[in-house]
Amino acid sequence: MQHEAQNEILDEILASSSLEELQTVKTKYLGKNGLVTSQLKEMGKLSPEERKAKGAEINALKTSLEGAVEARKEVLEQAALEAKLHSEAIDVTLPALHFPVGGLHIISRILADLEGMFGRLGYRTVLGQEVEDDLHNFDALNIPWFHPARDLWDTFWMTDGRLLRTHTSPMQIRYMLEHTAPLRITVPGKVYRYEATDATHESMFHQLEGLLVGDNIRMSDLKGTIAEIARGLFGPSTKVRFQPSYYPFVEPGADFSVWWENPRGESKWLELGGCGMVHPSVFRAVDDLREALGKPRTYEGKTGFAFGLGAERIAMLKYGIPDIRYFYQNDLKVLGQFRGELETLSILEAL
Ligand code: FA5
(Lines give C-alpha, C1' and ligand atoms only; values in the text may rest on other atoms or scores of the structure.)
Protein backbone atom coordinates (compact mmCIF):
# COMPACT_ATOMS: atom_id res chain seq x y z
CA MET A 1 0.00 0.00 0.00
CA GLN A 2 1.22 3.39 -0.82
CA HIS A 3 2.48 5.77 1.73
CA GLU A 4 -0.24 8.40 1.05
CA ALA A 5 -2.99 5.87 1.46
CA GLN A 6 -1.58 4.87 4.85
CA ASN A 7 -1.41 8.50 5.90
CA GLU A 8 -5.01 9.02 4.87
CA ILE A 9 -6.13 6.13 7.04
CA LEU A 10 -4.09 7.47 9.96
CA ASP A 11 -5.73 10.89 9.47
CA GLU A 12 -9.10 9.23 9.45
CA ILE A 13 -8.28 7.52 12.75
CA LEU A 14 -7.10 10.78 14.29
CA ALA A 15 -10.20 12.62 13.05
CA SER A 16 -12.66 10.30 14.79
CA SER A 17 -14.19 12.34 17.53
CA SER A 18 -15.92 9.62 19.53
CA LEU A 19 -15.29 6.03 20.51
CA GLU A 20 -18.16 4.91 18.25
CA GLU A 21 -16.66 6.71 15.26
CA LEU A 22 -13.29 5.19 16.02
CA GLN A 23 -14.82 1.73 16.11
CA THR A 24 -16.37 2.31 12.67
CA VAL A 25 -13.01 3.33 11.23
CA LYS A 26 -11.33 0.35 12.86
CA THR A 27 -13.88 -2.07 11.39
CA LYS A 28 -13.52 -0.44 7.98
CA TYR A 29 -9.79 -1.20 7.80
CA LEU A 30 -8.96 -3.87 10.36
CA GLY A 31 -12.31 -5.72 10.69
CA LYS A 32 -13.03 -9.19 9.32
CA ASN A 33 -13.99 -7.73 5.95
CA GLY A 34 -11.79 -4.69 6.33
CA LEU A 35 -9.38 -3.39 3.73
CA VAL A 36 -6.21 -4.67 5.39
CA THR A 37 -7.65 -8.09 6.12
CA SER A 38 -8.85 -8.55 2.56
CA GLN A 39 -5.36 -7.66 1.30
CA LEU A 40 -3.91 -10.39 3.52
CA LYS A 41 -6.45 -12.83 2.06
CA GLU A 42 -5.34 -11.87 -1.47
CA MET A 43 -1.78 -12.96 -0.70
CA GLY A 44 -2.46 -16.57 -1.62
CA LYS A 45 -2.48 -15.54 -5.21
CA LEU A 46 1.10 -14.20 -5.09
CA SER A 47 4.42 -15.94 -5.74
CA PRO A 48 6.44 -16.83 -2.60
CA GLU A 49 8.87 -13.91 -3.09
CA GLU A 50 6.09 -11.40 -3.65
CA ARG A 51 4.22 -12.89 -0.75
CA LYS A 52 7.14 -12.34 1.58
CA ALA A 53 7.58 -8.72 0.59
CA LYS A 54 3.85 -7.97 0.56
CA GLY A 55 3.30 -9.82 3.83
CA ALA A 56 5.88 -7.71 5.62
CA GLU A 57 4.35 -4.56 4.17
CA ILE A 58 0.79 -5.43 5.17
CA ASN A 59 1.84 -6.53 8.65
CA ALA A 60 3.72 -3.27 9.16
CA LEU A 61 0.62 -1.37 8.02
CA LYS A 62 -1.57 -3.43 10.32
CA THR A 63 0.68 -2.83 13.32
CA SER A 64 0.86 0.87 12.59
CA LEU A 65 -2.92 1.18 12.25
CA GLU A 66 -3.58 -0.85 15.37
CA GLY A 67 -1.17 1.35 17.29
CA ALA A 68 -2.90 4.50 16.00
CA VAL A 69 -6.35 3.14 16.91
CA GLU A 70 -5.16 2.23 20.38
CA ALA A 71 -3.60 5.68 20.91
CA ARG A 72 -6.72 7.45 19.66
CA LYS A 73 -8.87 5.24 21.87
CA GLU A 74 -6.92 6.28 24.94
CA VAL A 75 -7.26 9.96 24.04
CA LEU A 76 -11.01 9.64 23.47
CA GLU A 77 -11.55 7.65 26.66
CA GLN A 78 -9.69 10.24 28.68
CA ALA A 79 -11.75 13.04 27.10
CA ALA A 80 -15.00 11.16 27.86
CA LEU A 81 -13.95 10.68 31.48
CA GLU A 82 -13.09 14.35 31.86
CA ALA A 83 -16.42 15.41 30.33
CA LYS A 84 -18.25 13.12 32.74
CA LEU A 85 -16.34 14.42 35.75
CA HIS A 86 -17.01 17.98 34.64
CA SER A 87 -20.74 17.45 34.20
CA GLU A 88 -21.09 15.71 37.55
CA ALA A 89 -18.93 18.12 39.51
CA ILE A 90 -20.36 19.60 42.72
CA ASP A 91 -19.00 22.94 43.75
CA VAL A 92 -19.12 22.62 47.51
CA THR A 93 -18.17 26.28 47.91
CA LEU A 94 -21.43 27.50 46.34
CA PRO A 95 -23.94 28.87 48.85
CA ALA A 96 -26.74 26.41 49.61
CA LEU A 97 -30.07 26.94 47.87
CA HIS A 98 -32.88 27.91 50.18
CA PHE A 99 -36.31 26.52 49.52
CA PRO A 100 -38.84 28.32 51.63
CA VAL A 101 -41.35 25.81 52.88
CA GLY A 102 -44.72 26.79 54.28
CA GLY A 103 -45.16 27.65 57.91
CA LEU A 104 -48.02 27.18 60.28
CA HIS A 105 -50.77 29.75 59.83
CA ILE A 106 -50.69 32.32 62.57
CA ILE A 107 -54.07 31.16 63.91
CA SER A 108 -52.84 27.57 64.10
CA ARG A 109 -49.88 28.87 66.12
CA ILE A 110 -52.08 30.77 68.52
CA LEU A 111 -54.26 27.71 69.03
CA ALA A 112 -51.18 25.52 69.52
CA ASP A 113 -49.79 28.03 72.07
CA LEU A 114 -53.09 27.99 73.93
CA GLU A 115 -53.20 24.21 73.83
CA GLY A 116 -49.72 24.13 75.38
CA MET A 117 -50.65 26.59 78.13
CA PHE A 118 -53.89 24.83 79.01
CA GLY A 119 -52.14 21.48 78.74
CA ARG A 120 -49.80 22.58 81.52
CA LEU A 121 -52.88 23.40 83.60
CA GLY A 122 -54.14 19.85 83.07
CA TYR A 123 -56.65 20.46 80.28
CA ARG A 124 -57.25 17.87 77.59
CA THR A 125 -57.82 19.03 74.00
CA VAL A 126 -60.86 17.57 72.23
CA LEU A 127 -62.33 18.40 68.84
CA GLY A 128 -65.99 18.83 68.03
CA GLN A 129 -67.85 18.82 64.75
CA GLU A 130 -68.42 21.86 62.56
CA VAL A 131 -71.84 20.74 61.35
CA GLU A 132 -73.98 20.71 64.44
CA ASP A 133 -77.63 20.41 65.37
CA ASP A 134 -80.04 22.64 67.17
CA LEU A 135 -79.97 20.50 70.29
CA HIS A 136 -76.24 20.80 70.98
CA ASN A 137 -75.64 24.29 69.59
CA PHE A 138 -78.68 25.90 71.27
CA ASP A 139 -81.31 23.89 73.16
CA ALA A 140 -79.10 22.06 75.64
CA LEU A 141 -77.16 25.29 76.20
CA ASN A 142 -80.28 26.83 77.65
CA ILE A 143 -81.20 28.60 74.42
CA PRO A 144 -84.60 27.16 73.39
CA TRP A 145 -85.97 28.03 69.95
CA PHE A 146 -88.15 30.86 71.30
CA HIS A 147 -85.33 32.46 73.31
CA PRO A 148 -84.39 35.96 72.10
CA ALA A 149 -80.73 35.16 72.84
CA ARG A 150 -80.70 33.13 69.61
CA ASP A 151 -80.38 36.47 67.86
CA LEU A 152 -76.91 36.78 69.41
CA TRP A 153 -75.69 34.10 67.06
CA ASP A 154 -76.63 34.68 63.43
CA THR A 155 -76.69 31.21 62.05
CA PHE A 156 -75.92 29.46 58.76
CA TRP A 157 -78.67 26.87 58.50
CA MET A 158 -78.35 23.85 56.24
CA THR A 159 -81.26 22.64 54.11
CA ASP A 160 -81.64 19.52 56.29
CA GLY A 161 -82.20 21.58 59.44
CA ARG A 162 -78.67 21.21 60.76
CA LEU A 163 -76.37 24.22 61.11
CA LEU A 164 -72.75 25.34 61.05
CA ARG A 165 -71.81 25.71 64.71
CA THR A 166 -71.90 29.31 65.81
CA HIS A 167 -69.54 28.66 68.72
CA THR A 168 -67.49 25.82 70.21
CA SER A 169 -69.84 25.54 73.22
CA PRO A 170 -71.85 22.56 71.82
CA MET A 171 -68.83 20.43 72.65
CA GLN A 172 -69.50 21.14 76.34
CA ILE A 173 -72.69 19.13 75.96
CA ARG A 174 -71.20 16.39 73.79
CA TYR A 175 -68.30 15.87 76.19
CA MET A 176 -70.44 15.77 79.33
CA LEU A 177 -72.73 13.21 77.67
CA GLU A 178 -69.76 10.87 77.34
CA HIS A 179 -67.75 11.69 80.47
CA THR A 180 -68.33 12.30 84.15
CA ALA A 181 -66.83 14.99 86.39
CA PRO A 182 -64.17 15.92 87.33
CA LEU A 183 -63.16 17.05 83.88
CA ARG A 184 -61.28 19.84 82.18
CA ILE A 185 -61.17 20.24 78.41
CA THR A 186 -60.38 22.78 75.74
CA VAL A 187 -61.99 22.70 72.29
CA PRO A 188 -60.24 24.63 69.52
CA GLY A 189 -61.95 24.98 66.15
CA LYS A 190 -63.72 26.86 63.42
CA VAL A 191 -67.07 28.52 64.01
CA TYR A 192 -69.39 30.29 61.59
CA ARG A 193 -71.67 33.31 61.82
CA TYR A 194 -73.98 34.71 59.22
CA GLU A 195 -72.83 38.26 59.61
CA ALA A 196 -71.25 41.00 57.53
CA THR A 197 -67.47 41.15 57.76
CA ASP A 198 -65.58 44.20 58.95
CA ALA A 199 -62.19 44.90 60.51
CA THR A 200 -63.01 42.88 63.64
CA HIS A 201 -65.65 40.42 62.39
CA GLU A 202 -65.36 37.47 60.04
CA SER A 203 -68.08 34.99 59.07
CA MET A 204 -65.66 32.13 59.81
CA PHE A 205 -63.28 32.43 62.74
CA HIS A 206 -61.73 30.28 65.46
CA GLN A 207 -62.65 29.86 69.07
CA LEU A 208 -61.11 27.99 71.94
CA GLU A 209 -63.69 26.70 74.34
CA GLY A 210 -62.79 25.73 77.89
CA LEU A 211 -64.82 23.69 80.36
CA LEU A 212 -63.93 22.65 83.87
CA VAL A 213 -66.39 20.73 86.06
CA GLY A 214 -65.90 19.40 89.58
CA ASP A 215 -66.93 20.08 93.15
CA ASN A 216 -66.86 23.50 94.77
CA ILE A 217 -65.53 25.27 91.70
CA ARG A 218 -65.77 29.02 92.15
CA MET A 219 -65.70 32.18 90.08
CA SER A 220 -62.26 32.92 91.53
CA ASP A 221 -60.97 29.68 89.93
CA LEU A 222 -62.24 30.94 86.58
CA LYS A 223 -60.70 34.37 87.06
CA GLY A 224 -57.36 32.89 88.09
CA THR A 225 -57.31 30.60 85.06
CA ILE A 226 -58.13 33.35 82.57
CA ALA A 227 -55.57 35.71 84.15
CA GLU A 228 -52.91 32.99 83.97
CA ILE A 229 -53.58 32.42 80.26
CA ALA A 230 -53.73 36.15 79.43
CA ARG A 231 -50.34 36.62 81.09
CA GLY A 232 -48.97 33.60 79.25
CA LEU A 233 -50.12 35.18 75.99
CA PHE A 234 -49.23 38.83 76.52
CA GLY A 235 -46.63 38.94 79.29
CA PRO A 236 -46.52 38.66 83.08
CA SER A 237 -47.72 42.18 83.88
CA THR A 238 -50.84 42.00 81.66
CA LYS A 239 -53.92 43.48 83.32
CA VAL A 240 -57.15 41.51 82.91
CA ARG A 241 -60.67 42.86 83.44
CA PHE A 242 -63.96 40.98 83.90
CA GLN A 243 -67.25 42.70 83.14
CA PRO A 244 -70.70 41.24 83.71
CA SER A 245 -72.21 39.88 80.53
CA TYR A 246 -75.04 37.64 79.47
CA TYR A 247 -74.76 34.17 78.01
CA PRO A 248 -77.73 31.85 78.62
CA PHE A 249 -75.47 28.88 79.45
CA VAL A 250 -73.59 30.54 82.32
CA GLU A 251 -74.57 32.32 85.49
CA PRO A 252 -73.00 34.64 86.40
CA GLY A 253 -71.56 35.46 83.00
CA ALA A 254 -68.74 37.82 82.09
CA ASP A 255 -66.65 39.13 79.24
CA PHE A 256 -62.95 39.44 79.83
CA SER A 257 -60.59 41.97 78.31
CA VAL A 258 -56.89 42.75 78.53
CA TRP A 259 -55.30 46.17 78.81
CA TRP A 260 -53.56 46.62 75.52
CA GLU A 261 -50.67 49.01 75.04
CA ASN A 262 -48.71 49.26 71.85
CA PRO A 263 -45.46 51.07 71.10
CA ARG A 264 -47.38 53.93 69.42
CA GLY A 265 -48.81 54.80 72.82
CA GLU A 266 -52.35 53.62 72.11
CA SER A 267 -53.91 51.74 74.97
CA LYS A 268 -57.34 50.35 75.63
CA TRP A 269 -59.29 47.41 77.06
CA LEU A 270 -59.72 44.77 74.36
CA GLU A 271 -62.27 42.02 74.71
CA LEU A 272 -60.96 38.49 74.21
CA GLY A 273 -63.87 36.28 75.08
CA GLY A 274 -66.84 35.33 77.21
CA CYS A 275 -66.97 33.17 80.32
CA GLY A 276 -68.96 32.25 83.38
CA MET A 277 -70.09 29.58 85.82
CA VAL A 278 -71.91 26.71 84.10
CA HIS A 279 -75.66 27.32 84.41
CA PRO A 280 -77.56 24.65 86.42
CA SER A 281 -79.96 24.36 83.45
CA VAL A 282 -77.06 23.11 81.31
CA PHE A 283 -76.21 20.39 83.87
CA ARG A 284 -79.91 19.50 84.00
CA ALA A 285 -80.16 19.26 80.20
CA VAL A 286 -77.06 17.05 80.10
CA ASP A 287 -78.48 14.77 82.82
CA ASP A 288 -81.80 14.54 80.94
CA LEU A 289 -79.98 13.55 77.76
CA ARG A 290 -77.79 11.08 79.65
CA GLU A 291 -80.88 9.54 81.19
CA ALA A 292 -82.51 9.22 77.78
CA LEU A 293 -79.38 7.35 76.66
CA GLY A 294 -79.62 5.01 79.65
CA LYS A 295 -76.73 6.61 81.51
CA PRO A 296 -76.75 7.73 85.16
CA ARG A 297 -77.49 11.38 85.98
CA THR A 298 -74.23 12.63 87.45
CA TYR A 299 -74.12 16.40 87.03
CA GLU A 300 -76.65 17.50 89.62
CA GLY A 301 -74.89 19.45 92.36
CA LYS A 302 -71.69 19.81 90.32
CA THR A 303 -70.10 23.18 89.72
CA GLY A 304 -67.93 24.38 86.90
CA PHE A 305 -66.88 27.17 84.67
CA ALA A 306 -66.67 27.66 80.91
CA PHE A 307 -65.12 30.21 78.62
CA GLY A 308 -64.77 30.92 74.91
CA LEU A 309 -61.82 32.81 73.43
CA GLY A 310 -61.63 34.31 69.94
CA ALA A 311 -58.31 33.21 68.39
CA GLU A 312 -58.23 35.92 65.69
CA ARG A 313 -58.73 38.65 68.26
CA ILE A 314 -55.80 37.29 70.26
CA ALA A 315 -53.57 37.23 67.16
CA MET A 316 -54.61 40.78 66.24
CA LEU A 317 -53.74 41.97 69.72
CA LYS A 318 -50.50 40.09 70.02
CA TYR A 319 -49.11 41.14 66.64
CA GLY A 320 -50.82 44.49 66.12
CA ILE A 321 -52.79 43.30 63.07
CA PRO A 322 -55.37 45.98 62.31
CA ASP A 323 -57.86 43.97 60.23
CA ILE A 324 -59.16 40.43 60.77
CA ARG A 325 -59.65 39.96 57.02
CA TYR A 326 -55.87 39.75 56.48
CA PHE A 327 -55.86 36.26 57.99
CA TYR A 328 -57.88 34.66 55.21
CA GLN A 329 -56.89 36.63 52.13
CA ASN A 330 -53.90 34.27 51.87
CA ASP A 331 -51.54 37.07 50.89
CA LEU A 332 -48.07 35.62 51.43
CA LYS A 333 -46.68 39.10 52.09
CA VAL A 334 -48.79 39.17 55.22
CA LEU A 335 -48.71 35.51 56.24
CA GLY A 336 -44.97 35.22 55.51
CA GLN A 337 -44.20 37.72 58.26
CA PHE A 338 -45.43 35.26 60.83
CA ARG A 339 -43.42 32.29 59.60
CA GLY A 340 -40.76 31.13 62.01
CA GLU A 341 -37.08 31.10 61.07
CA LEU A 342 -36.88 27.38 61.62
CA GLU A 343 -39.26 26.63 58.83
CA THR A 344 -36.89 27.82 56.11
CA LEU A 345 -34.94 24.71 55.27
CA SER A 346 -31.78 24.84 53.19
CA ILE A 347 -31.38 22.21 50.52
CA LEU A 348 -28.57 20.62 52.53
CA GLU A 349 -30.79 20.26 55.56
CA ALA A 350 -33.55 18.89 53.39
CA LEU A 351 -31.34 16.17 51.85
C1 FA5 B 1 -69.55 32.96 72.49
O2 FA5 B 1 -69.46 32.48 71.34
C3 FA5 B 1 -69.68 32.05 73.67
N4 FA5 B 1 -69.89 30.69 73.24
C5 FA5 B 1 -68.45 32.19 74.55
C6 FA5 B 1 -68.65 31.58 75.92
C7 FA5 B 1 -68.24 30.27 76.14
C8 FA5 B 1 -69.23 32.33 76.93
C9 FA5 B 1 -68.43 29.70 77.40
C10 FA5 B 1 -69.43 31.76 78.20
C11 FA5 B 1 -69.02 30.46 78.41
P12 FA5 B 1 -69.17 35.43 71.74
O13 FA5 B 1 -70.20 35.43 70.68
O14 FA5 B 1 -69.01 36.66 72.53
O15 FA5 B 1 -69.39 34.27 72.77
O16 FA5 B 1 -67.79 35.06 71.07
C17 FA5 B 1 -66.63 34.83 71.83
C18 FA5 B 1 -65.41 35.51 71.22
O19 FA5 B 1 -65.30 35.15 69.85
C20 FA5 B 1 -65.52 37.04 71.19
O21 FA5 B 1 -65.12 37.59 72.40
C22 FA5 B 1 -64.57 37.38 70.09
O23 FA5 B 1 -63.24 37.31 70.55
C24 FA5 B 1 -64.78 36.25 69.13
N25 FA5 B 1 -65.74 36.63 68.06
C26 FA5 B 1 -67.08 36.72 68.14
N27 FA5 B 1 -67.61 37.04 66.94
C28 FA5 B 1 -66.59 37.16 66.09
C29 FA5 B 1 -66.48 37.45 64.69
N30 FA5 B 1 -67.53 37.66 63.92
N31 FA5 B 1 -65.25 37.48 64.13
C32 FA5 B 1 -64.17 37.22 64.90
N33 FA5 B 1 -64.20 36.93 66.20
C34 FA5 B 1 -65.39 36.90 66.80
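Residues numbered from 1 in each chain as written. Predicted model: local features only at pLDDT ≥ 70, side-chain atom pairs only at ≥ 80, totals over all residues. Heavy atoms only, no water.

(A) Inspection of unusual backbone geometry at higher detail. Residue P182 follows A181 across a cis peptide bond; omega there is 0°. The peptide bond linking E251 to P252 adopts the cis configuration, its omega dihedral lying at -5°. Within the secondary structure layout, P252 lies in strand β8 (residues 250–261). Positive phi, normally seen in glycine, also occurs at N142, with a value near 65°. (Helix = DSSP H or I, 4+ residues; strand = E, 2+ residues; numbered from the N terminus.)

(B) Region of the structure containing the side chain of D255. Take D255: it is sitting in strand β8. Within the structure, the side chain of D255 is placed 3.0 Å from the side chain of S245, a separation counted as a polar contact. Ignoring any residue separated from it by four or fewer positions in sequence, one finds D255 in contact with R241, F242, Q243, S245, Y247, E271, G273 and G274. (Polar contact = N/O pair within 3.5 Å; in protein donor to acceptor, adjacent residues only side chain to side chain. Contact = heavy atoms within 4.5 Å.)

(C) How the structure looks around the environment of Y299. Structurally, the position occupied by Y299 is in the loop between α9 (280–292) and β10 (303–310). Spatially, the C-alpha atoms of Y299 and E88 are 73 Å apart, while their sequence positions differ by 211 residues. Residues within four places of Y299 in sequence aside, it is in contact with M176, H179, T180, A181, L183, V213, F283, V286, D287 and R290. Separated by 2.4 Å, the side chain of Y299 and the backbone oxygen of H179 make a polar contact.

(D) Quick peek at a negative patch on the surface. There is a patch of like negative charges on the surface, built from E66, E70, E74 and E77. With respect to the helices and strands, the residue E66 is situated in helix α4 (residues 48–87). (Patch = residues over 30% accessible without salt bridge, like charges linked within 9 Å, V, L, I, M, F, W, Y side chains within 5 Å. Areas by Shrake-Rupley, 256 points an atom, 1.4 Å probe, with all protein chains shown as cover. Salt bridge = Lys/Arg side-chain N within 4 Å of Asp/Glu carboxyl O. Lys, Arg positive; Asp, Glu negative; His and termini not counted. Charge placed at Lys NZ, Arg CZ, Asp CG, Glu CD.)

(E) Main features of the packing of helix α7 (residues 170–178) against α9. Two elements in contact, α7 and α9, have axes separated by 9 Å at closest approach and are oriented at 50°. By the angle between their directions, the pair α7 and α9 is classed as oblique. Note on packing geometry: the crossing formed by α7 with α9 is right-handed. The segment α7 lies against α9, with I173, M176, L177 and E178 engaging V282, F283, V286, L289 and R290. Of the residues assigned to the contact of α7 with α9, the class counts are 7 nonpolar, no polar and 2 charged. (Axes fitted to C-alpha atoms, helices over the stretch in contact; angles between N-to-C directions. Parallel < 35°, antiparallel > 145°, perpendicular 65-115°, else oblique. Left-handed = near helix turned anticlockwise from the far one by under 90°. Nonpolar A, V, L, I, M, F, W, Y, C, P; charged D, E, K, R; others polar.)

(F) Structural detail: the site of the ligand. With respect to spatial proximity, 26 residues lie near the ligand, and among them H167, S169, R193, E195 and Q207 are the closest. Y247 is positioned such that a nitrogen or oxygen atom in its side chain is 3.0 Å from an oxygen atom of the ligand. Alone, the ligand offers 670 Å² of accessible surface; in the complex the protein occludes 95% of this. Counting residues per element, the ones that place at least two in the shell around the ligand are β6 (204–214), β9 (267–278) and β10. Counting residues per element, the shell around the ligand draws most heavily on β9, at 5 residues. Across the shell around the ligand, the residue classes tally to 10 nonpolar, 10 polar and 6 charged. (Near = heavy atom within 4 Å.)

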